[in-house]
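# Residue-level structure breakdown
Okay, here's what each chain looks like letter by letter:
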Amino acid sequence: MELCVTSISLGNYSFDDYLKYIPTSFTTSSISIKLWNPKTQDKVDIVILKKDLFKLETNFHTTAPFICLYLTQPACARINKKFIDFPELIFNTRSKEEDVKRIFIFLTYNKEDLVNLLSTHFKKTTHLTAQRASNLLKISKLKTRQTIQDVEQKLVEIIDPINKSVYMPSKNFVCSSRSTSSYVILFRDQKMRKKTFEAQLESLKSLTDLTTYLRSLHWTYDMMVERMNDYTKECRCINCQAQGFLKCSLCEVRYCSAKCQQEDFKNGHMEICEKLKMKRRAVEEEGMWMVDQVYKNEQGITYKYFVGKIIGKLRQFNREEMRKSK
């Protein structure tokens, strides 16, 4: 079973794939992870057998799921040999330091098949409560991951307050939750100033630059692809489906030309325009209300402003790519 894994924490070192995902697969008897040596960039394949695990903990009632592996000493030694020329990585199950004794696998989405596989074939699996998951991240010194867990857990409890061991959210909710937690990390934890944030965005000169920046904010690959795809669809003329860069100032419906806009107005655009505008505003207000339950910025930097700036930059580069392909 192949998984969408955005990050792996091995001991005191985090592996993050800023392009897409870290190849990771689970079978009924093993876990395979394709990593790399940060110093040499050589590929490092890790295979963990069931006998290598003395415990496994999961956090699945969340939009930020993870699996935590506790390895035996022989398995730990075997992995250390693979990174022998990268001494910066510290992984030691005999250490008294909690942050160098575990492997965390951070997933993009919950998968029902994975939950069933672990419950059926990995008998040493424990499904953590939200509080225990937060505490585990804290003692493992994964502060940013703890913020993501805590913020997104509050959002889950608003949407689905019934306590369950597994939560299967929609992709849209996963994306909006991660946008919220990245907003909190940036402006609450990192105490980012508005001018600094705007300067960072202004310094990005390509879609690759923006992708790297967003991944540093823990946006998933899917989040960026979905938003680009949505924008590509939005940029289709409502009248003829050609690329459209003109838009209605009220509802933001797109047109390829003034002629198509006039044609749509003749066909009754104004009758639905206000409805589309009201629907868009209702979605925004609901999203803002949920974010306010989690965090209010003292500088007056709103979540709407934060997302709007990022989406604006993403659309800028997307338009450039679309024009190149014409």
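Each remark here, short or long, concerns the structure printed above.
Residues numbered from 1 in each chain as written. Predicted model: local features only at pLDDT ≥ 70, side-chain atom pairs only at ≥ 80, totals over all residues. Heavy atoms only, no water.

Evaluated as defined, the whole model comprises nine salt bridges. Between R78 and D52 there is a salt bridge whose closest N-O contact spans 2.7 Å. Taken as a pair, R78 in helix 1 (residues 73-82) and D52 in the loop between strand 6 (43-49) and strand 7 (53-59) lie far apart in primary sequence, 26 residues in all. Here R178 makes a salt bridge to E152, at a shortest N to O gap of 2.6 Å. (Salt bridge = Lys/Arg side-chain N within 4 Å of Asp/Glu carboxyl O. Helix = DSSP H or I, 4+ residues; strand = E, 2+ residues; numbered from the N terminus.)

For the α-helix, the turn length of 3.6 residues means that residues three or four positions removed from each other point alike. When the terminal C-alpha atoms of helix 5 (residues 171-189) are compared, their 26 Å separation across 19 residues agrees well with the 27 Å that a helix rising 1.5 Å per residue should span. Within helix 5, 14 of the 19 residues are buried, which leaves the element mostly enclosed by the surrounding structure. Looking one or two residues beyond helix 5, the residue adopting positive phi is K191, at roughly 55°. (Expected span 1.5 Å × (residues − 1). Buried < 20%, exposed > 50% of the residue type's maximum accessible area, 1.4 Å probe, protein only.)

The next point concerns the packing of aromatic side chains. Evaluation of the coordinates by the stated rule reveals 16 aromatic pairs. Residues F187 and F306 carry aromatic rings whose centres are separated by 5.8 Å and whose planes lie at 90° to one another, so their mutual orientation is edge-to-face. One end of the pair, F187, is in helix 5; the other, F306, is in helix 11 (residues 303-324), and 119 residues separate them in sequence. For the residue pair F187 and F306, the accessibility class agrees, reading buried in each case. An aromatic cluster is present here, built from Y183, F187, F197, Y295, Y303, Y305 and F306 joined pairwise through their rings. One residue, K55, lies across the ring of Y70, its end atom 4.4 Å from the ring centre. (Phe/Tyr/Trp six-rings, centres within 6.5 Å; stacked < 30°, edge-to-face > 60°. Lys NZ or Arg CZ within 6 Å of the ring centre and 35° of its normal.)

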